[in-house]
Amino acid sequence: MTESRAPTPQSRVYDVCIVGSGAGGGMAAHALTRAGADVIVLEAGVPWDNLKDSAMLTWPYESPRRGRSTKDHPFGEFDACVGGWEIEGEPYTRAPGTEFNWWRARMVGGRTNHWGRISLRFGPYDFKRKSRDGLGDDWPITYDDVAPYYDKIDRLIGLFGSKENLPNEPDGVFQPPPRPRCHELLVKQAADKLHVTCIPARLSILTRPLNGRAPCHYCGQCNRGCRVNANFTSTNVLIGPALTTGRLTLVTNAMAREVTLDKAGRASGVAYVDKTTGSDRHVRARVVVLAASALETSRLLLNSKSAAFPNGLANGSGTVGKYITDTTGTDVAGFIPKMMDHVPHNHDGVGGMHLYMPWWLEDQKLDFPRGYHIEVWGGTHEPSYGFMGGIQRYPSGGGYGRQLKDDYRRYYGATVGFSGRGEMIPNDDTYCEIDPRTVDRWGIPVLRFHWKWSDHEYKQVKHMQETFRALIAEMGGEVFSPMPGPERGYGIAAGGVIIHELGGARMGDDPKTSVTNRRCQAHECKNLFVADGAPFVSQADKNPTWTILALALRTSEHITELIKRGEL
């Protein structure tokens, strides 16, 4: 599918070609078209429009699967995101001993159609962690460099939250947060008793009208794609408005193969495969912006080999694909007897948590560095396949007929869970490279992953497990699963499972140790930029999307300035 203003995308030279339409690509398209640039976006996935394609308000009983996951919807058949960890015809490989799973979204808007919309700014400490604990590397930029762009996306996209004045949890331009639900009030009480900081969540879901978008009506189905655009997706909040400028060409089902170069060694465009026909195509552009996701961008750079770049484009440092990370994660759920037989009440809310717990032990003496935040889940969500995780786990153990129905009513909403999301420190043993023998269905060489958690991450996850179990005990609850031991990594999720991969084209001031500069511009190819998570120097105990958006906007404004000065 092509939404264009020319007979074919190949018949013109664009100002900018962007690969990917997710958070970074969408923001770049939005900013650059508004600045007057003629832009083309290549998206490897299918068309998508929240207004038409969402399954919002569809009852599970309307499907014979009752919402059960499908091959291209691993989080349930009604989930908005098309993609998954395994995509037919698009393999990846793992080095011996590696446990890693790579999620790819294959639709307009990318992963912004899937994420939980937890919209946290990186804090001042997060950009300078090496200076604080001696591990990893500092970013070449500071929080103050990014703060104005956080403010801009807060006002453009919108999020709710509360002013807390915490040292490494920067406040934003917030709309009012929704009130805590019943189970969240119990969580708050337990957290206060254990001296765990617990504050209103920060999600990019509108509670007040903004820029022509309606506020959330609390149907609780954000994961299905919002038909009123009350929550954020790149699809309808960034790409849609960019199309209305008349300066954006959107090409879907376009699998990028490599960035092409001219005789001077500058990027000249992108070669791609039209997935609907299998034919090779090429678009020309004066500037190329890679926003395909951190690892897909790494793959593109490594596959873009030439006489000038025999090891891959912009890879003179040898660091393309290196220093990749994912968020650490583990989960614990508990049965809370206080929540049984509750009085029916309004339990409406957004499709996510109303409270969360930012890292509360900064600068405390622990046996691991950095930290994590805690996400809260539970309540009376719409029942569907796998409802309550199985009645057999509860005291009655299940039954038949009236007893079974009564038990479901008694236990409905009596489960509360916690998810930890923490910082992984980059290490030399975790990276991706091109597999020398395996290609995808279009003949494009695929990535091979090497992955290793360190003791830092294992000890951090152990602390998560202990904290979650203490919270459930304080609520008078019972944990369903035993505490995992070191032989199970204390329950740490495999690399890639949390879907927060970063790095692979990290920024830095020294071209010998980094791929891009502090403006996400390739050191060795001045008209090539990266606008996804690849330039990140490190993770944080925060979800990365809000920082991807801020950096993409910052980079786009820099591109606009360079174009105006005639330097691109």
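Please refer to the structure higher up on the page.
About the thresholds
Residues numbered from 1 in each chain as written. Predicted model: local features only at pLDDT ≥ 70, side-chain atom pairs only at ≥ 80, totals over all residues. Heavy atoms only, no water. Axes fitted to C-alpha atoms, helices over the stretch in contact; angles between N-to-C directions. Helix = DSSP H or I, 4+ residues; strand = E, 2+ residues; numbered from the N terminus. Parallel < 35°, antiparallel > 145°, perpendicular 65-115°, else oblique. Left-handed = near helix turned anticlockwise from the far one by under 90°. Contact = heavy atoms within 4.5 Å. Nonpolar A, V, L, I, M, F, W, Y, C, P; charged D, E, K, R; others polar. Salt bridge = Lys/Arg side-chain N within 4 Å of Asp/Glu carboxyl O. Buried < 20%, exposed > 50% of the residue type's maximum accessible area, 1.4 Å probe, protein only. Pairing = 2+ DSSP bridges. Expected span 1.5 Å × (residues − 1). Polar contact = N/O pair within 3.5 Å; in protein donor to acceptor, adjacent residues only side chain to side chain.

Quick look at the packing of helix α1 (residues 23–34) against helix α6 (residues 234–244) now. The contact between α1 and α6 brings their axes to 8 Å, and the two run at 30°. As far as their axial angle goes, α6 and α1 are roughly parallel. Pair α1 / α6 crosses with left-handed handedness. Between α1 and α6, the residues in contact are Ala23, Gly26, Met27, Ala29, His30, Thr33 and Arg34 and Ser234, Val237, Leu238, Ile239, Pro241 and Ala242, respectively. Counted by class, the contact of α1 with α6 contains eight nonpolar, four polar and one charged residues.

The subject of this paragraph is the pattern of salt bridges. With the rule as written, the count across this model stands at 39 salt bridges. We note a salt bridge from Glu169 to Lys542, for which the minimum N-O separation is 3.7 Å. Highlighted residues: Glu169 in the loop between α4 (143–157) and α5 (182–193) and Lys542 in the loop between β19 (528–530) and α10 (545–564), separated in sequence by 373 residues. Each member of the pair, Glu169 together with Lys542, is buried. A salt bridge links Arg410 to Asp341; the shortest N-O distance between them is 3.5 Å. Residue Arg410 is found in helix α8 (residues 401–411), and its partner Asp341 is found in the loop between β12 (328–335) and β13 (355–357); the two are separated by 69 residues along the sequence. Among the charged side chains, a salt-bridge network with shared partners connects Asp126, Arg129, Arg132, Glu169, Glu362, Asp363, Asp541 and Lys542.

Another aspect to go through is the pairing of strand β14 (residues 372–378). Within β14, six of the seven residues are buried, which leaves the element mostly enclosed by the surrounding structure. Across two bridges, the pairing between β13 and β14 is antiparallel. Paired with Tyr356 across the two strands is Glu375, which belongs to β14. Two elements, β14 and strand β15 (residues 415–422), share seven bridges in a ladder whose sense is antiparallel. In the strand pairing of β15, His373 is matched with Arg421.

Moving on to helix α9 (residues 455–474). Compared with an ideal rise of 1.5 Å per residue, which puts 20 residues at 28 Å, α9 spans 29 Å between its outermost C-alpha atoms and is within 8% of the ideal. Residues Glu457, Gln460, Val461, His463, Met464, Gln465, Thr467, Phe468, Arg469, Leu471 and Ile472 constitute the buried set of α9.

The next thing to look at is the sheet that holds strand β5 (residues 93–94). Taken together, three strands build an open sheet; the order of strands is β5-β17-β16 and the sheet is mixed. Two strands close off the open sheet at either side, each with one partner strand: β5 and β16 (431–439). Strand direction decides the pairing type here: β5 and strand β17 (residues 445–450), joined by two bridges, are parallel. Across the sheet, residue Arg94 finds its bridge partner in β17, namely Phe449.

Take the side chain of Thr207 next. Tracing the backbone through its elements, the reader meets Thr207 in the loop between β7 (199–200) and α6. Polar contacts involving the side chain of Thr207 include one to the main-chain carbonyl oxygen of Pro176, which spans 2.7 Å.

Just geometry here; none of it tells us what the structure is for.
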